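Per-entry structural report
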Amino acid sequence: MMQFVRKHWRFLLIATVVLAMGRAMAQDEFVFDPVGWGENPALALTALIGAVAMIRQTKWGSSIDGPVRVAILTAVIGMLGGVALQMFGMLTHPTVAAYPSPWGGLLYGLGLAFTAMTGVAVFNYGAKKLSSGEQTLDIHTGQATSQILDFILAQLRALVGPAKLPAAITAVAPIIAEFAQSKAVLTDDLRANLQARLLSAVRAAGLMGQDL
Amino acid sequence: MRVTLRVLLLALLVTSCAPVAEVVTDLITRSDGATLSYVHQGLKFDPGEQVAVGVIVRAEGENLALLSTPDGATCTIVGGTQLDCRLGDVTEPVTIGLTGKGVVANASWRRSTGSSVYLVFAVPDQLEAEGE
């Protein structure tokens, strides 16, 4: 349970916020209300963020990561949703309903996507500020991959210090490249394996150990 | 492929600019108080003030021999050259009894308050070094 929470804390946090917002806005029971989406941008925004979060949790959406891909996904879903609302006559928001189909829907969807991405970016910024200074280097790869890269870079940093880090990174670039492409989660076994591989690498590079 | 290129570009950026390297490396690691040190015939892991979760100690050297294992830990030596020690959750300093030549070692762990992985390489024990 704790492992699940640790792994998906961001999703859970967003889901909680989205649910709370939805609950507050609905002021009643949760309902599937596309008419409401076409009428009230706040409801549509909640639905859009929820849809993107859900898609990213599926096996097809798990590779969608980083600010550009997520923004594109959000825009596509927003536009499709907006066009669908207008096609089925449910887009009644006065600002966009006057435009001919499908332009009103596209505009509505794009506007929602822009608002959603801005909101999520602000939210992420705030979340980072609240995470007690444990944020590490973010290369915008998958979360697991980024964690492994962080780990390798942390090993180098601890071993050689800032002055020699550039050379050390060059030396282990093949290992970084290998793990950058993997979808592996940093399990205990993988962590132990990485520790051992880097110890071997630094001994081979001439680092003298200590006699015990 | 694109990810690899990003990583290699990052490596290129870091290797080409020392000030950038310093800024980046400051972001990567922060000491959180735990240490791994060489002591007489052993390696001592001190978790600091908080519990260290899932501690793994790895060592490499010549003619490694395990003398003692902390309670609850699982330590194995492979081929006389590699030590893999899973200490589990550590609340107070523990020592792995070990002999060998040219030993290099590191330890990694998490904290119960976050998912970050921390890492230190072994250094000579400060108290023992001062005593010599």
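As the structure is a prediction and not an experimental result, all values here were calculated from the model.

**A look at the packing of aromatic side chains**
All names here are of chain B.
- This model, assessed by the stated rule, comprises two aromatic pairs over all chains.
- Consider the rings of Phe 45 and Trp 109, whose centres lie 5.5 Å apart with planes at 65°: the pair is edge-to-face. Here Trp 109 lies in strand 6 (residues 94–111) and Phe 45 lies in strand 2 (residues 42–46), a separation of 64 residues in the sequence.
- Note on Trp 109: relative accessible area 1%, which makes it buried.

**A short note on the nonpolar core**
- Ranked by internal contacts, the top residues of the largest apolar core, which has 31 residues, are B:Leu36, B:Leu43, B:Phe45, B:Val57, B:Leu83 and B:Leu87.
- Of all elements in the fold, only strand 1 (35–39), strand 2, strand 3 (52–68), strand 5 (82–90), strand 6 and strand 7 (117–121) of chain B reach the threshold of two or more residues within this core.
- Sequence-distant contacts of B:Leu87, defined by excluding residues within four places in its chain, comprise B:Phe45, B:Val55, B:Val57, B:Pro70, B:Ala73, B:Val94 and B:Ile96.
- Among the nonpolar cores identified, the runner-up in size contains 17 residues, and A:Leu48, A:Ile49, A:Val70 and A:Leu73 belong to it.

**Side note on the pairing of strand 2 of chain B**
Residue and element names in this part refer to chain B.
- With five bridges joining them, strand 1 and strand 2 adopt antiparallel strand pairing. Each bridged residue has a counterpart across the sheet, and for Tyr 38 the counterpart in strand 2 is Leu 43.
- Connecting the antiparallel pair strand 1 and strand 2 is a turn made up of two residues, with Gln 41 showing a positive phi of about 50°.
- Bridge count between strand 2 and strand 6: four bridges; the pairing is antiparallel. Within strand 6, the residue paired with Leu 43 across the bridge is Ile 96.

**Let's talk about the pattern of salt bridges**
- Under the criterion given, the structure shown has four salt bridges over all chains.
- A:Arg191 is the salt-bridge partner of A:Asp188, the closest N and O atoms lying 2.9 Å from each other. One end of the pair is A:Asp188 and the other is A:Arg191, both in helix 10 (residues 188–204) and three residues apart, which spans about a single turn.
- A salt bridge links B:Arg86 to B:Asp84; the shortest N-O distance between them is 2.9 Å.
- On the accessibility criterion, B:Arg86 (25% relative accessible area) is partly exposed.
- Bridged by salt links that share partners, the residues A:Asp189, B:Arg58, B:Asp84 and B:Arg86 form one connected network.

**Some remarks on the confidence of the model for chain B**
Residues and elements named next belong to chain B.
- Considering every residue of chain B, the mean pLDDT works out to 78; 71% of them sit at 70 or more.
- Across chain B, the secondary-structure element scoring lowest on mean pLDDT is helix 2 (residues 18–28), at 37, and the one scoring highest is strand 5, at 96.
- Note that pLDDT drops below 50 for residues 7–30; the model gives that stretch 33 contacts with residues more than four away or on any other chain.
- Interface confidence for the predicted complex, given as ipTM, is 0.71, next to a pTM of 0.47.

Calculation notes
Residues numbered from 1 in each chain as written. Chains lettered and ligands numbered in written order. Predicted model: local features only at pLDDT ≥ 70, side-chain atom pairs only at ≥ 80, totals over all residues. Heavy atoms only, no water. Phe/Tyr/Trp six-rings, centres within 6.5 Å; stacked < 30°, edge-to-face > 60°. Helix = DSSP H or I, 4+ residues; strand = E, 2+ residues; numbered from the N terminus. Buried < 20%, exposed > 50% of the residue type's maximum accessible area, 1.4 Å probe, protein only. Core = buried A, V, L, I, M, F, W, Y, C linked by side-chain atoms within 4.5 Å. Contact = heavy atoms within 4.5 Å. Pairing = 2+ DSSP bridges. Salt bridge = Lys/Arg side-chain N within 4 Å of Asp/Glu carboxyl O. pLDDT = per-residue confidence, 0-100.

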